[in-house]
Amino acid sequence: MSKSNSFRDYSFTEGSAGNMSYGYFSMNFKLILILGLILVILIAPSLTPFTIAQAQQPRQVTLTAIVAEPKDRWDTLFADALAKLRERHPDMTINIDYRVLPYADTRKQILTAMAGRTPIDLISVDQIWLGEFAQGKFLSDLSNLVQSWNRSSDWFKTNWDGGIYNGKVYGIWAWTDVRSMWYWKDLLNQSGVNPDSLKTWNGYIQAAKKMENSFKDKGIQPIHLVGASHSPDMWYPYLWMLGGKIVEQKSGHPQKGTYWFPAYNSTEGVKALEFLRDQVRAGIKPQITHFWGQEFADKKFAVMLEGSWLLGHFPRSEWKNLDKNVGMIPMFPVPKEGDASATMMGGWMLAIPETSSNKALSWELLTIMVQPDVLAPMLEKYGYLPTQKPIAEGTYSTQLNSTIPYYEQLISMLSMGHSRPSIAEYPQIADNIRQAIDEVYLGVKEPKQALDDAAKKSAQVLGWS
Amino acid sequence: MLQLRTQKLQPYLLLLPALSILIAFLLFPLIWNIYLSVHDVSLTTILGGWKYVGIKNFSNLLYDPDFHKSLQVSLVFVGGSVAIQFFVGMVLAVVLNQEIRGSNTLRALFIIPWTVSAVITGFSFKFIFNDSFGVLNYGLGQMGLNPVAWLSDPGTVVWTLVIANMWHGTPFTVIFLTAGLFSINPLVYEAARIDGATKIKSFFYITLPLLRPFILINLILITMWSVNFFDLILVMTNGGPLFSSTTSSLYMYRQAFEFGLLSKGAAAGFIMIGINLILAFSYVRLFRRQ
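As the structure is a prediction and not an experimental result, all values here were calculated from the model.

1. A few points about the pattern of salt bridges
All names here are of chain A.
Then, number 1: Across all of its chains, the model carries 24 salt bridges over all chains by this definition.
Then, number 2: The partner of lysine 84 in a salt bridge is aspartate 373, and the shortest N-O contact between them spans 3.4 Å. Taken as a pair, lysine 84 in helix H3 (residues 71–88) and aspartate 373 in helix H15 (residues 372–382) lie far apart in primary sequence, 289 residues in all.
Then, number 3: Since its relative accessible area comes to 36%, aspartate 373 is described here as partly exposed.
Then, number 4: In this structure, lysine 445 engages aspartate 453 in a salt bridge whose closest nitrogen and oxygen atoms are separated by 2.7 Å.
Then, number 5: Exposure remark for lysine 445: the relative accessible area of 24% places this residue in the partly exposed category.
Then, number 6: Relative accessible area serves as the criterion here: at 22%, aspartate 453 is assigned to the partly exposed category.
Then, number 7: Through salt bridges with shared partners, a single network forms among Arg277, Asp278, Arg281 and Glu446.

Given below as structure tokens:
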């Protein structure tokens, strides 16, 4: 069978049609070949100068980043840092392609991207994710870079340590926030409550009772109590102020020798949870939906323990005179007058994923982003708190103090700030604690029983069985 | 000879695109899920070696009281959702099938909830049922009644979710059964009427038997959707309080994506496939027997 016949078999069935198609194909093929040759002849002379010109052009680099909402802060920060980075590298054309995701999606998206080896150059990391990311070998070890950078001593110790996992630096804590007590001055006044009485556990509960009678049928609730999924975050300060811990190192782990063990069911933990129980018994309703301070700004609550981001719910035009209407006590209530208080610090770290294809340039960008002259204006604009002493205590502080309401008091809280453990198992441990808090809120269990049961589960999660 | 072979191959070649899609998006994930479920993989070990653990993930699930609880919650949620969606959907479909003015407009309006995404439905109902500031409790307050802890009472919360799911899912039953009702020849009703059958008798002896295939498919679909449904629940309650609204699908999601326990999540997913298959098979058997 000839070649033409075999082709005919595949294409059309009958003789004449097959011949016609073969001829048609052959003609088309020649036409394509001629056109191709013409194209090559036309383009070939221009290829050499093009290559030379390309070599003379600045190198194009696009850095990629995944960061958490709100977007505006990143727009400001990236724009300023990129301008400085470009100045340092006139031989390069540097761009940043960054994706801003809602908080709830950020961790999942980052993990998915890194597990899939997607090259990303910079990410924003919530302090509690660091352990998980580092353990998964998703983050670049910055220890050597940090040494030659020589700026670690500029950070508050707690904030610097937050970026360390197993002795290695994986993230630089860019800014923080603290939780404190906010109240509406007129509402407290109307109900005859002295703000100072809110400082102790007993005073706090008595104030709630007093306000309850005063605000009846007015659509205002006296005191906000978190019942949402982050309820453990608002319980930790009570645990810490009593000297308790969430987890502690313990030897005898079946696989790891010395490892973390749940410590939150200690006497201190029980006492801290009893305070939450007493609030519920006094008629304070745990709020299962959380609006991150908007509910306070809307005057739905007279008193609220909330992060410093609450200020962002007030228009910036009102910031200057905000202290006339809204009061702030830089503490969580303490068991009795004179006791030391505590608070929880959050905020964002910057880290470089292991998959980054531009690690040196990403590190340079990161260091520019945390430079006081770049970072401080952004903090001022959005009301965040610094993690670096040169911003918190230096010349920048005067500027921040004149813009951010209660800035000095908020900064003073950094010294009593604690952070949550950045270990891979933390999300499950927090879920166990959340269950214990819910059980106490609903009266299903007493604080001790609830915490013991939760700690048993946490021990299992940590591999202690 | 070659021509004959080509002709024989032709149907398979035509099926190839559809089969490739099925294999890539259905069979491969299923096999991958099984593979994951017999290994010990978490988000933190995904880039390392995957240790084979056999049925350990399944046995862990069977001893996990939270998983038991999630199965109980699923039973109530799916049972309640399917029963109410089917009953309300059937009533509406039959009523709209009567010669009523504006029935077509009403049908179009009834589709709206189904076109709204479950996440938006979840947010809307979260605000409606909010214990402190919700519209519903405000209304109750105006009538002098005590507020109800719709979302924070472990005994109530699952029924709140059933109501939200009913609003979201019933339109599908209405549309599906309406299509079934359209397929019934009106002459059958006419003949029954001449023979003296009342409307109720016509419904039980003509409508229901002739609708049976539609009812069967509808029940299978809404049951499977309710078993797998989790986005509305995630938005409204995130499974709380005290796991009282954590269905098996939400449990699976939280294990895999909140806690990063991919293998445990995969094992839960595999069990859910089994549950879906058993339910579908039961429906088919039940209807065949009848």
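Past the structure itself, the notes keep going.
2. Side note on the sheet that holds strand S3 (residues 122–126) of chain A
Residues and elements named next belong to chain A.
Then, number 1: Taken in spatial order, the six strands line up as S2-S1-S3-S16-S6-S17 in an open sheet, and their pairing is mixed. Edge positions in the sheet fall to strand S2 (92–101) and strand S17 (385–386), since each of these pairs with one other strand and no more.
Then, number 2: As paired elements, S3 and strand S16 (residues 348–351) share four bridges and run antiparallel to each other. Bridge assignment links serine 124 to a residue of S16, and that residue is leucine 350.
Then, number 3: Contacts between H3 and the sheet are confined to strand S1 (59–68), S2, S3, strand S6 (172–176) and S16, with S2 contributing the most and set at about 165° to the helix.
Then, number 4: Of the strands in this sheet, S1, S2, S3 and S16 are in contact with helix H4 (residues 103–115), which crosses S1 at around 135°.

3. Remarks on the nonpolar core
Residues and elements named next belong to chain A.
Then, number 1: Counting residues in hydrophobic clusters, the biggest one holds 157 residues, and the most contacted among them are Ile123, Ile172, Trp175, Trp235, Tyr236, Tyr264 and Val303.
Then, number 2: The greatest single-element share of this core, amounting to eight residues, is contributed by helix H19 (residues 426–441).
Then, number 3: Counting only domains with at least three residues in this core, you end up with domain 1 (59–177 + 346–418) and domain 2 (178–345 + 422–461).
Then, number 4: Once residues within four sequence positions are removed from consideration, valine 303 is found in contact with Met181, Trp182, Tyr183, Leu188, Leu198, Tyr204, Met211, Pro222, Ile223, His224 and Phe296.

4. Some details on the packing of aromatic side chains
All names here are of chain A.
Then, number 1: As enumerated under the stated definition, the model contains 45 aromatic pairs over all chains in all.
Then, number 2: One aromatic cluster is present, formed by Trp74, Phe78, Tyr98, Trp175, Tyr382 and Tyr384 through successive ring pairs.
Then, number 3: When the ring centre of tryptophan 319 is taken as origin, the NZ or CZ atom of arginine 316, which lies over that ring, is 4.9 Å away.

5. Focus on the layout of surface pockets
Then, number 1: Each pocket or cavity is described by its volume, and for the second largest pocket that value is around 1,500 Å³.
Then, number 2: If you trace the second largest pocket, you find 44 residues lining it, with A:Gln428, A:Gln460, A:Val461, B:Asn60 and B:Leu261 closest to the centre.
Then, number 3: Within the residue set of the lining of the second largest pocket, elements represented by two or more residues are helix H5 (130–135), H19 and helix H20 (447–461) of chain A together with helix H2 (56–62), helix H3 (65–96), helix H11 (248–258) and helix H12 (262–289) of chain B.
Then, number 4: The leading source of residues in the lining of the second largest pocket is H19(A), at four residues.

6. A closer look at the domain arrangement of chain A
Residue and element names in this part refer to chain A.
Then, number 1: Per the domain assignment, the segments making up chain A are domain 1 (59–177 + 346–418) and domain 2 (178–345 + 422–461).
Then, number 2: Relative to domain 2, the C-alpha centre of domain 1 lies at a distance of 28 Å.
Then, number 3: Listed by partner, the interface residues are 33 residues for domain 1 and 29 residues for domain 2.
Then, number 4: In this assembly, domain 1 and domain 2 are joined by one salt bridge.
Then, number 5: Among the ionic pairs, aspartate 177 bridges to arginine 179, the shortest N-O distance being 3.0 Å.
Then, number 6: For the pair domain 1 and domain 2, the interface holds eight residue pairs in polar contact (both at pLDDT 80 or more).
Then, number 7: Taken together, the elements giving at least two residues each to the side of domain 1 that touches domain 2 come down to H5, helix H7 (157–161), strand S4 (164–165), S6, H15, helix H18 (407–412) and strand S18 (417–418).
Then, number 8: At four residues, H5 tops the list of elements feeding residues into the side of domain 1 that touches domain 2.
Then, number 9: For the side of domain 1 that touches domain 2, the class distribution of residues is 14 nonpolar, 14 polar and five charged.

Criteria and cut-off values
- Residues numbered from 1 in each chain as written.
- Chains lettered and ligands numbered in written order.
- Predicted model: local features only at pLDDT ≥ 70, side-chain atom pairs only at ≥ 80, totals over all residues.
- Heavy atoms only, no water.
- Salt bridge = Lys/Arg side-chain N within 4 Å of Asp/Glu carboxyl O.
- Helix = DSSP H or I, 4+ residues; strand = E, 2+ residues; numbered from the N terminus.
- Buried < 20%, exposed > 50% of the residue type's maximum accessible area, 1.4 Å probe, protein only.
- Pairing = 2+ DSSP bridges.
- Contact = heavy atoms within 4.5 Å.
- Axes fitted to C-alpha atoms, helices over the stretch in contact; angles between N-to-C directions.
- Core = buried A, V, L, I, M, F, W, Y, C linked by side-chain atoms within 4.5 Å.
- Domains from an automatic or database assignment.
- Phe/Tyr/Trp six-rings, centres within 6.5 Å; stacked < 30°, edge-to-face > 60°.
- Lys NZ or Arg CZ within 6 Å of the ring centre and 35° of its normal.
- 1 Å grid on protein atoms, 1.4 Å probe; cavity = no way out; pocket = protein on both sides within 12 Å on 5 of 7 lines; lining within 4 Å.
- Points joined across faces, edges and corners; volume = space filled by probe spheres on them.
- Polar contact = N/O pair within 3.5 Å; in protein donor to acceptor, adjacent residues only side chain to side chain.
- Nonpolar A, V, L, I, M, F, W, Y, C, P; charged D, E, K, R; others polar.

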